[in-house]
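# Close look at the chain arrangement
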Amino acid sequence: MMLSVKNLEVSYGKLKAVWGVSLGVWNKEIVGLIGPNGAGKSSIVNSIIGFVKPDKGEIKFEGRDITNLSISSRIKAGISVVPEGRRIFPYLTVEENLLMGAVVGNWNKRREALEFVYNLFPQLRERKRNFASQLSGGEQQMLVIGRALMSRPKMVLIDEPTLGLAPKIVDQVYGIIKTIRDEEGITVLVADQNAEMVLKIADRAYVVENGRIVAEGPSEKLAHDPKIVSTYLGI
Ligand SMILES: Nc1ncnc2c1ncn2[C@@H]1O[C@H](COP(=O)(O)OP(=O)(O)OP(=O)(O)O)[C@@H](O)[C@H]1O
Ligand SMILES: [Mg+2]
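Just so you know, these numbers come straight off a predicted model, no measurement behind them. (Residues numbered from 1 in each chain as written. Chains lettered and ligands numbered in written order. Predicted model: local features only at pLDDT ≥ 70, side-chain atom pairs only at ≥ 80, totals over all residues.)

### A few points about the site of ligand 1
To be explicit about the condition: We call a residue near a molecule or strand if the C-beta atom, set from the backbone, is within 6 Å of it. In DSSP terms, a helix is any run of H or I states spanning at least four residues, a strand is any run of E spanning at least two, and both are numbered starting from the N terminus. In this classification, Asp, Glu, Lys and Arg are treated as charged, Ala, Val, Leu, Ile, Met, Phe, Trp, Tyr, Cys and Pro as nonpolar, and every other residue, Gly included, as polar.
Taken together, 14 residues surround ligand 1, and among them Tyr12, Ala17, Lys41, Ser42 and Ser43 come closest. Mapped by element, the contributors of at least two residues to the shell around ligand 1 are β2 (15-25) and α1 (41-49). With three residues, the single largest contributor to the shell around ligand 1 is α1. Its residues placed into classes, the shell around ligand 1 shows four nonpolar, seven polar and three charged.

### Focus on helix α6 (residues 137-149)
Formally: For a helix, the expected span equals 1.5 Å multiplied by the residue count minus one. Around each residue's C-beta, the other C-beta atoms within 10 Å are counted; 20 or more make the residue buried, 12 or fewer make it exposed, and counts in between make it partly exposed. All C-beta atoms are placed from the backbone. Contact between residues is assigned whenever the C-beta positions, reconstructed from backbone atoms, fall within 7 Å.
When the terminal C-alpha atoms of α6 are compared, their 19 Å separation across 13 residues agrees well with the 18 Å that a helix rising 1.5 Å per residue should span. Within the span of α6, buried status applies to Glu139, Gln140, Gln141, Met142, Leu143, Val144, Ile145, Gly146, Arg147, Ala148 and Leu149. Considering only its buried residues, α6 is in contact with β6 (79-82), α3 (94-99), α4 (107-120), α5 (122-126), β7 (155-159) and α7 (167-184).

### Points about the nonpolar core
Heads up, the condition is: Note on terminology: a nonpolar core is any set of buried Ala, Val, Leu, Ile, Met, Phe, Trp, Tyr and Cys residues joined through C-beta atoms within 7 Å.
Counting 67 residues, the largest nonpolar core has Val156, Val188, Val190 and Ala205 as its most contacted members. Not counting residues within four places of it along the chain, the set of residues in contact with valine 188 comprises Ile30, Val156, Ile158, Ile177, Ile180 and Arg181.

### Description of the packing of α6 against α7
As a reminder of what qualifies: Simply put, an axis is a line fit to the C-alpha atoms, just over the touching stretch for a helix, and the angle between two N-to-C directions goes from 0 to 180 degrees. The labels follow the angle: roughly parallel below 35 degrees, roughly antiparallel above 145, roughly perpendicular from 65 to 115, and oblique for the rest. Here is the rule for handedness: rotate from the far helix to the near one, and if that takes an anticlockwise turn smaller than a right angle the crossing is left-handed, while a clockwise turn gives right-handed.
Two elements in contact, α6 and α7, have axes separated by 10 Å at closest approach and are oriented at 20 degrees. For the element pair α6 / α7, the angle class is roughly parallel. The handedness of the crossing between α6 and α7 is right-handed. Residues Gly137, Gly138, Gln141, Met142 and Ile145 of α6 pack against Ile169, Gln172, Val173 and Ile176 of α7. Across the contact of α6 with α7, the residue classes break down as five nonpolar, four polar and no charged.

### Points about the sheet that holds strand β9 (residues 204-209)
Selection criterion: One bridge is not enough; two strands pair if DSSP finds at least two bridges between them.
Read across the open sheet, the six strands follow the order β6-β7-β8-β3-β9-β10; overall the sheet is mixed. One side of each edge strand has no neighbouring strand; the edge strands of this open sheet are β6 and β10 (212-218). Strand-to-strand, the axes of this sheet are offset by a mean angle of 15 degrees, without reference to chain direction. α1 contacts β3 (30-34), β6, β7, β8 (187-191) and β9 of the sheet and is inclined by roughly 150 degrees relative to β7. Against the sheet, α7 makes contact with β3, β7 and β8, and its axis sits at roughly 155 degrees relative to β8, the strand it touches most.

So, in structure tokens, the structure goes:
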């Protein structure tokens with residue numbers, strides 16, 4: 001297991017949002033976290049990267065207990081995150097936005113990371129001197145994914161990457177997520193309300209409801225589970 005989460009519990013004041021969640025991700029897998037609004041997906045993702053401090057539980061990355069590490073130490077260990085909300089720095093250029101994600105110190109490494117991202121997203125190279133605010137929604141999502149890749153992670157956590165985007169752009173963003181894994185070998189944990197899209201590209205998925213995992217399995221299997229179909233794939 002590259003990432004393992006055991007008995008995770010998260011609360012905000014008196015509200016308990018995550019109730020004993022356990023999950024695992026193997027090296028080079030794409031794993032989905034699906035479930036409705038408020039289910040606890042972001043709370044899980046944010047605990048893994050360290051934005052949120054869990055009440056209980058253990059998080060291991062490549063065998064090492066990272067539960068109490070700082071965010072920057074987790075990034076150094078090889079985890080990166082694309083947080084929910086597609087937050088860019090609108091009045092910085094595309095390139096400046098990307099450089100914000102470079103935690104590696106020296107300029108050569110930053111250049112290398114920029115090249116890596118530009119090769120993956122030629123559109124970002126073309127627009128590197130534009131303000132981020134001038135990009136379309138889909139390009140902004142590309143930018144935040146690119147920014148997360150600037151730390152050259154082994155694993156990337158992607159939270160709600162397609163909320164509010166047009167269907168064609170949703171396909172494009174998921175295409176990018178698949179490329180990151182298929183061509184770069186980066187492990188992906190993706191949280192999204194869009195179960196249909198997640199189950200199309202993920203190897204496996206976990207279904208989160210009310211802070212608990214209520215179903216899990218290979219995407220293929222979940223996509224044919226009558227209960228999942230009626231709740232999440234409702235056609
Ligand atoms: N910072 C916070 N302070 C207080 N309550 C929070 C906070 N973040 C999340 N919650 C609450 O915790 C619960 C789980 O929320 P979370 O954001 O983890 O769900 P989610 O599955 O990511 O939802 P969405 O699909 O809308 O992104 C919800 O009841 C939410 O209102
Ligand atoms: Mg969320």
